[in-house]
Amino acid sequence: MTKFRIPRHEPGSNLIFHVGALIAVTAWGASFISTKVLLNNGMSAVEIYIYRFIIAYIFTLLICPRPFFSHTMRDELMFFLCGVCGGSVYFIAENTAVVYTMVSNVSLIVTLSPLITAVIVAALYKSEHVSRGVIVGSFVSLIGVGCVIFNSSLNLEVNPLGDLLALLAAVCWAVYSVILRPLSSVYGAWFITRKTFFYGIVTALPFLFLDSHHSSLGIFLVPEVAFNILFLGLFASLVAYLMWGQAVKNLGAVKAGNYLYFSPIVTLVLSAWLLSEHVSFTGYVGCALILAGVIAAEKIGSRHRESNPSNPR
């Protein structure tokens, strides 16, 4: 098979990809607000996830209809796990977390997933070691998570259970990222995303059957509900994934990944503005520690990679 080399872009021409990455993480940060609005309108966490991904899957299928199956049954099983860890369990845990705690808490705690991913990869692949930056950053972020959860325990309107569910979502996304390692070298981004959507929907159906609450289809006649579910399905899932894929392809995973740190800030600002959520001083300290830990891990890790070019990480 002929290999095509991606052409290099001049620094100025990459501006569009920087803007695309920023739009994507802004959409993901705002998606927590939309989820909260839908929950307040009577939809369940499972319903929000399924409707969102059905919309995204239909449009993704139109964009990438072929091939439908992967090359082997083993790969198909891997995609099934992608649907569980990167789809159903991840989003249902995340959406349910928003019921019990503030959306700013959920957004911040989920930001830990890159650090958890690094630890899992280092444990599975002996050739890759956890750098000092990752260790320091993980420790600082862990303290931050504790502050955020402590902030929730002091607020009678929220429950630390929501923060723990958010932490479960972060772990699921980290596992999903590790599963993608062997798949991304064989399959395209859109095919992987489409398969993840498909198995994510299939594995969420048992949660829907167990859910005693079912909204009527008439709820979509409410303009606020229709707008937010379309935003989640078309923009936060479909368009954002497309922009993010192009950003990673042209900027690189590390440089594009730096934009993910803006997502919790977007959520924090929007939740305070639109939902009037209050964050205590302890909560603000936790927010700062989580972001500082994640950024420190990336910055120190980048300097380590530059000084050791042979290190693939």
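Everything here concerns the structure above.
Residues numbered from 1 in each chain as written. Predicted model: local features only at pLDDT ≥ 70, side-chain atom pairs only at ≥ 80, totals over all residues. Heavy atoms only, no water.

Some details on the nonpolar core
Looking at soluble globular proteins, one finds that nonpolar side chains tend to be buried together. Grouped together as the largest cluster of nonpolar side chains are 58 residues, with contacts concentrated most on Leu38, Tyr49, Val106 and Trp244. In terms of residues, this core owes the most to one element, helix H1 (residues 15-40), which gives 11 residues. Dropping the residues within four chain positions of it, Tyr49 is found in contact with Gly87, Ser88, Phe91, Ile92, Asn95, Gly200, Ile201 and Ala204. Within the second largest apolar cluster, 13 residues are counted, among which are Cys64, Leu180, Leu183 and Tyr199. (Core = buried A, V, L, I, M, F, W, Y, C linked by side-chain atoms within 4.5 Å. Buried < 20%, exposed > 50% of the residue type's maximum accessible area, 1.4 Å probe, protein only. Helix = DSSP H or I, 4+ residues; strand = E, 2+ residues; numbered from the N terminus. Contact = heavy atoms within 4.5 Å.)

Brief notes about the pattern of salt bridges
On inspection of all chains with the given rule, the structure shows 2 salt bridges. Of the charged contacts in the structure, one is a salt bridge between Lys195 and Glu76, with a shortest N-O distance of 2.6 Å. Taken as a pair, Lys195 in helix H8 (residues 189-210) and Glu76 in helix H3 (residues 73-100) lie far apart in primary sequence, 119 residues in all. We classify Lys195 as buried; its relative accessible area is 4%. (Salt bridge = Lys/Arg side-chain N within 4 Å of Asp/Glu carboxyl O.)

Some remarks on a nonpolar patch on the surface
A grouping of Leu22, Phe262, Ile265 and Val269 is seen on the molecular surface, where their side chains present a nonpolar patch of about 340 Å² in accessible area. Considering the arrangement of structural elements, one finds Leu22 in helix H1. (Patch = residues over 30% accessible without salt bridge, like charges linked within 9 Å, V, L, I, M, F, W, Y side chains within 5 Å. Areas by Shrake-Rupley, 256 points an atom, 1.4 Å probe, with all protein chains shown as cover.)

Some thoughts on the side chain of Ser31
If you trace the backbone, Ser31 turns up in helix H1. Look at Ser31 and you get buried, because its relative accessible area is 5%. Not counting residues up to four positions away in its chain, the partners in contact with Ser31 are Phe231, Leu232 and Ala236.

Notes on H8
Look at H8: 32 Å from first C-alpha to last across 22 residues, which is about the 32 Å you get at 1.5 Å a residue. The largest bend in H8 is about 30 degrees, located at Ala204, with the proline Pro206 one to four residues further on. (Expected span 1.5 Å × (residues − 1). Bend = angle between axes of the 7 residues up to and from the residue.)

Notes on the packing of aromatic side chains
For the structure shown, the criterion picks out 16 aromatic pairs. Centroid distance Tyr49 to Phe53: 4.7 Å. Interplanar angle 35 degrees. Geometry classified as tilted. Highlighted residues: Tyr49 and Phe53, both in helix H2 (residues 45-63), separated by 4 residues, approximately one helical turn. Pair check on accessibility: Tyr49 and Phe53 agree, each one buried. Aromatic side chains Phe68 and Phe69 sit 5.0 Å apart centroid to centroid with 80 degrees between the ring planes, which places their arrangement in the edge-to-face category. (Phe/Tyr/Trp six-rings, centres within 6.5 Å; stacked < 30°, edge-to-face > 60°.)

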